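Residues per chain, in single letters:
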Amino acid sequence: MNRISLLVKIMPGIICLIFSAACSTGQNIPFGMIEKSAVIKKGRIAILAANGLNDSVRVAEMLSERLAKEKSLTVIDQDSITRVIPGYPGMEFPDNNRVPDSLSPESRGQLMRFRQLLGADYMVLIWVYKSEARSGIFYTRSNAHFGAKLVAFPSCRVIGYSEFSKNDFSPFQSANDSLKNLYSVAVQEIVEHIGKYIK
């Protein structure tokens, strides 16, 4: 085996070692309740993309599917939400999603209308405000940053919050698959933490 062939064979492993410190790193605020004594009661929950970005919709769909598999809450599927709410997905909530308990009067009014249409006891708002993936010869480097807020009814107040910011280094993966990996990790974390608060 000549040197070039050997280099080609071992290069992916070398790259992984070089970039291992950057793999799956970043700020991650696990889902938690704003009020320590708050709990999530069994009921109906809807996951909404809080802006019209494709990645927000993608994460909302993934979270809906994962929560539905847990069967601890009755999840209103995305098709039902699209049929019932005019213009969804596509609307945007004007809130500062990085402030855990913020919810503007406009958003409260909108969510109360949605609650009447969906019959939801809870809603999770998803904002993806940064995501990108760049492919190299042997790897794809991706990063994503998004937040999630859990809103309880009939009070229409934010009771839970999560923020996710991570990088991923994936050998031999497409940009789409690399971002999907990041979102999958984040969604699973949210599902697991929500499960801890369901009573």
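Residues numbered from 1 in each chain as written. Predicted model: local features only at pLDDT ≥ 70, side-chain atom pairs only at ≥ 80, totals over all residues. Heavy atoms only, no water.

(A) Representation of a negative patch on the surface in the model. A cluster of acidic side chains, namely Glu61, Glu65, Asp77 and Asp79, defines a negative patch on the protein surface. Relative to the helices and strands, Glu65 resides in helix 2 (residues 54-70). On the basis of relative accessibility, which here comes to 53%, the residue Glu65 falls in the exposed class. (Patch = residues over 30% accessible without salt bridge, like charges linked within 9 Å, V, L, I, M, F, W, Y side chains within 5 Å. Areas by Shrake-Rupley, 256 points an atom, 1.4 Å probe, with all protein chains shown as cover. Salt bridge = Lys/Arg side-chain N within 4 Å of Asp/Glu carboxyl O. Lys, Arg positive; Asp, Glu negative; His and termini not counted. Charge placed at Lys NZ, Arg CZ, Asp CG, Glu CD. Helix = DSSP H or I, 4+ residues; strand = E, 2+ residues; numbered from the N terminus. Buried < 20%, exposed > 50% of the residue type's maximum accessible area, 1.4 Å probe, protein only.)

(B) Seen up close, the pattern of salt bridges. Here the structure, examined in full by the defined rule, presents one salt bridge. Arg157 is the salt-bridge partner of Glu35, the closest N and O atoms lying 3.1 Å from each other. Here Arg157 lies in strand 6 (residues 157-171) and Glu35 lies in the loop between strand 1 (28-33) and strand 2 (44-49), a separation of 122 residues in the sequence. With relative accessibility at 39%, the residue Glu35 sits in the partly exposed group. Using a relative accessible area of 34% as the deciding quantity, one classes Arg157 as partly exposed.

(C) Examining the environment of Leu125 more closely. Its place among the elements puts Leu125 in strand 4 (residues 122-135). Judged by its relative accessible area of 0%, Leu125 falls in the buried class. With 79 residues separating them along the chain, Leu125 and Ala46 place their C-alpha atoms 8.7 Å apart. Not counting the four nearest positions on each side in its chain, Leu125 is found in contact with Leu48, Ala50, Phe93, Leu103, Leu111, Gly147, Ala148, Lys149 and Val151. (Contact = heavy atoms within 4.5 Å.)

(D) Just unusual backbone geometry, in detail. Pro89 follows Tyr88 through a cis peptide bond whose omega is -10 degrees. For Pro89, the location among the structural elements is in the loop between helix 3 (78-84) and helix 4 (105-118). Along the chain, Phe153 connects to Pro154 via a cis peptide bond; the corresponding omega equals 10 degrees. Residue position: Pro154 is located in the loop between strand 5 (139-152) and strand 6. For Lys71, which is not a glycine, the phi torsion comes out positive at approximately 60 degrees. Mapped onto the fold, Lys71 is located in the loop between helix 2 and strand 3 (74-76). Backbone geometry at Cys156 places phi at a positive 55 degrees, although glycine is not the residue there. Mapped onto the secondary structure, Cys156 falls in the loop between strand 5 and strand 6. Judged by relative accessible area, Cys156 falls into the buried class, the value being 3%.

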